[in-house]
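Here is what each chain is made of, one letter per residue.
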Amino acid sequence: MKLAHHLSIKNGHLLINGQDCVALAEKYGTPLYVTSEDRVVEQFESYKKALGARYQKVQVLFAAKANGNLALMRALAERGAGADVFSSGELYLALEAGMAPERLLFNGSSKTPADLKLAVEKGVKVSLDSLDELHQLEAVAAAAGKTVKVSFRVNPALEVPTHPKIATGLATSKFGIPHREIPAAYREALACRHIQPVGIHCHIGSQILDIEPFVRAAEVMVRVAKELTGMGVKLEFMDLGGGLGIPYHHDTDPAPTAEDYAAKVVPVFKAGVEACGITPELWVEPGRSLVADSTVLLTRVNSTKKAHKRFANVDAGFNLLIRPAMYDSYHEVIVANKADAPLDTEYTVTGPICETGDILAPDRKLPELAAGDIIAVLDAGAYGYAMASQYNSRPRCPEVLIRGTQAGLMRRGESLSDIRAAMERPPWQL
Ligand code: LLP
């Protein structure tokens, strides 16, 4: 199986950044998320380089929803990253990580009054999703005596080749304002005293392995930009969103790079803005393509069983990685302590959750397994821990970060007392 270069196999063990996954599992226990900071930084720099080589004003915003760990965001902040934040929580963490407020965009289709207030207070830009929200933000900004810079999220009505649950720019999606109604929305924004419309934003979906849909989106965005510029909107940024996919099937999926993306999308963007006579910043908001392959989820085999087929029952389930259960997504698995043994036995790798759908990896050829073996689930860095839960009252596991030859906890594991701590006795049970 093809492996990204931060993963390797030595003496039958899987290594991440040269560090032995089996030793990490022994030291920190399982289940365990392990992330290579170097890999995340490398991917971030590749976006900056690919876009920056083709256009002078570029800003890469990390989509914080993909992986909300502060240590990771800090590593990105140190390199000048901004963030697409989708909640007050993500905004708080991005600021705490040291990201500059002017490099943050507060996205979201359903923001609360408190979200809007926080955005105004912290001076971050807001991507508006409705006219209702525009007027609410105007009122909040007026009360604070401030002006807020905003964009509207454009719904470009584009079909994209991905799982329907993560296509976000379809004409039928809940996100954004239909592109034909966009000029009217900006007209309304221009009339607001405390709102300054300075950007346009879109995001067409996630795990997209073909560059063409991004080119189509860029075409819609430059058309919109032309209309808005004609209306007197001074565009300071155009945010084309995230969405570039990764090859979850390592040997067969296409593996588009930031370079491939930039080579096709930037010329369309550049020609479009030149035709408008403007030079707005080009923003992108990648999540998955920055962080997905940086991370393995290490999980221990509790037991094996031969029923109608062979099962390997492991200690991580959809409580820690919900993607296979939710989107039928494929994650490669490697037995970390038998990484070069022959793949001669078929197993379905199942989690400990009390649901039939708690399957991490169905029908995989693996070496013969025994209790105690360590399975590494690959490409777990995006929407892995970020979507984890405490279902079945299971504390969430720790996360370890690796940089060069160092390794350290970036999130401790929860304990049962953490679960207990948030529970209260209602007055009648006192
Ligand atoms: N910007 C906006 C406004 C978004 O809604 C998203 C993702 C991104 C950027 C980042 O997209 P990315 O580059 O990561 O594809 N939980 C799903 C993915 C949901 C994506 C939602 N929006 C999964 O596990 O596949």
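Residues numbered from 1 in each chain as written. Predicted model: local features only at pLDDT ≥ 70, side-chain atom pairs only at ≥ 80, totals over all residues. Heavy atoms only, no water.

Section: the pattern of salt bridges
Heads up, the condition is: Should a side-chain nitrogen of Lys or Arg be within 4 Å of a carboxyl oxygen of Asp or Glu, the pair is scored as a salt bridge. Put simply, DSSP marks the helices as runs of H or I at least four residues long and the strands as runs of E at least two long, and each gets a number from the N terminus on. Three labels apply to residues, based on accessible area from a 1.4 Å probe with only protein chains included: buried if under 20% of the type maximum, exposed if over 50%, partly exposed otherwise in between.
This model, assessed by the stated rule, comprises 17 salt bridges. Residue Glu212 pairs with Lys264 through a salt bridge whose shortest N-O separation is 3.5 Å. You can see Glu212 sitting in helix 8 (residues 212–230) and its partner Lys264 sitting in helix 9 (residues 258–276), a full 52 residues away along the chain. For Glu212, a relative accessible area of 29% translates into the label partly exposed. Take Lys264: its relative accessible area is 43%, and that puts it in the partly exposed class. Close ionic contact of Lys309 with Asp363 constitutes a salt bridge, the shortest N to O distance being 2.9 Å. With Lys309 in the loop between strand 14 (295–306) and strand 15 (310–314) and Asp363 in strand 18 (residues 359–366), the pair connects residues that are 54 residues apart, well separated along the chain.

Details of the packing of aromatic side chains
Let me state the cut-off plainly: In summary, the pairing rule links any two rings of Phe, Tyr or Trp, Trp by its six-membered ring, whose centres are within 6.5 Å, and it sorts them by plane angle into stacked for under 30 degrees, edge-to-face for over 60 and tilted for everything else.
By the definition in use, this model includes eight aromatic pairs. With a centroid separation of 5.0 Å and an interplanar angle of 70°, the aromatic rings of Phe152 and Tyr186 are classed as edge-to-face. With Phe152 in strand 9 (residues 148–155) and Tyr186 in helix 7 (residues 182–190), this pair connects stretches of sequence that are 34 residues apart. With relative accessibility at 0%, the residue Tyr186 sits in the buried group. An aromatic cluster is present here, built from Tyr47, Phe214 and Tyr261 joined pairwise through their rings.

What to know about the packing of helix 7 against helix 8
Put simply, the rule reads: Each axis is a line fitted through C-alpha atoms, and for a helix only the stretch in contact is used; angles between axes span 0 to 180 degrees, taken between their N-to-C directions. Here roughly perpendicular refers to angles of 65 to 115 degrees, roughly parallel to angles under 35, roughly antiparallel to angles over 145, and oblique to all remaining angles. Here is the rule for handedness: rotate from the far helix to the near one, and if that takes an anticlockwise turn smaller than a right angle the crossing is left-handed, while a clockwise turn gives right-handed. The contact definition used throughout considers only heavy atoms, calling two residues in contact when any of these lie within 4.5 Å.
One way to put it is that helix 7 packs onto helix 8 with a least axis distance of 10 Å and a crossing angle of 40°. The angle between the axes of helix 7 and helix 8 places the two elements in the oblique class. Read as a crossing pair, helix 7 and helix 8 show a hand that is right-handed. Contact with helix 7, carried on its side by Ile182, Pro183 and Tyr186, involves Val224, Glu227 and Leu228 of helix 8 and no other residues of that element.

Here we look at unusual backbone geometry
Look at the link from Thr30 to Pro31: it is a cis peptide, with omega at -10°. Along the chain, the position of Pro31 falls in the loop between helix 1 (21–28) and strand 4 (32–36). One non-glycine residue, Asn17, lies in the positive phi region at around 55°. Here Asn17 is to be found in the loop between strand 2 (13–16) and strand 3 (19–20). Notably, Asp379 is not glycine yet its phi reads approximately 55°, a positive angle. For Asp379, the position within the fold is in the loop between strand 19 (374–377) and strand 20 (399–403).

With respect to the side chain of His194
Along the chain, the position of His194 falls in the loop between helix 7 and strand 11 (195–201). What makes His194 buried here is its relative accessible area of 17%.

Describing the sheet that holds strand 3
This is how it is decided: Pairing between two strands requires that DSSP report at least two bridges joining them.
The sheet built from three strands is open, its strands ordered 1-2-3 with antiparallel pairing. A strand with exactly one partner marks an edge of an open sheet, and here the two such strands are strand 1 (7–10) and strand 3. For strand 2 and strand 3, the ladder comprises two bridges, and the chain directions are antiparallel. From the neighbouring strand, Leu15 faces strand 3, where its bridge partner is Asp20.

Some details on the environment of Met238
Inspection of the secondary structure assignment puts Met238 in strand 12 (residues 237–239). Since its relative accessible area comes to 0%, Met238 is described here as buried. In the structure, Met238 is positioned 40 residues away from Val198 in sequence and 8.7 Å away in space, judged by C-alpha atoms. In this structure, Met238 is in contact with Ile200, Met221, Val222, Ala225, Phe269, Val273, Pro280, Glu281, Leu282 and Trp283, ignoring residues within four places of it in sequence.

Focus: the pairing of strand 1
As judged from the four bridges shared by strand 1 and strand 2, these two strands associate in the antiparallel manner. Looking at the pairing, Ser8 lines up with Leu15 of strand 2. Between strand 1 and the antiparallel strand that follows it, strand 2, lie two residues; Asn11 among them carries a positive phi value of about 50°.

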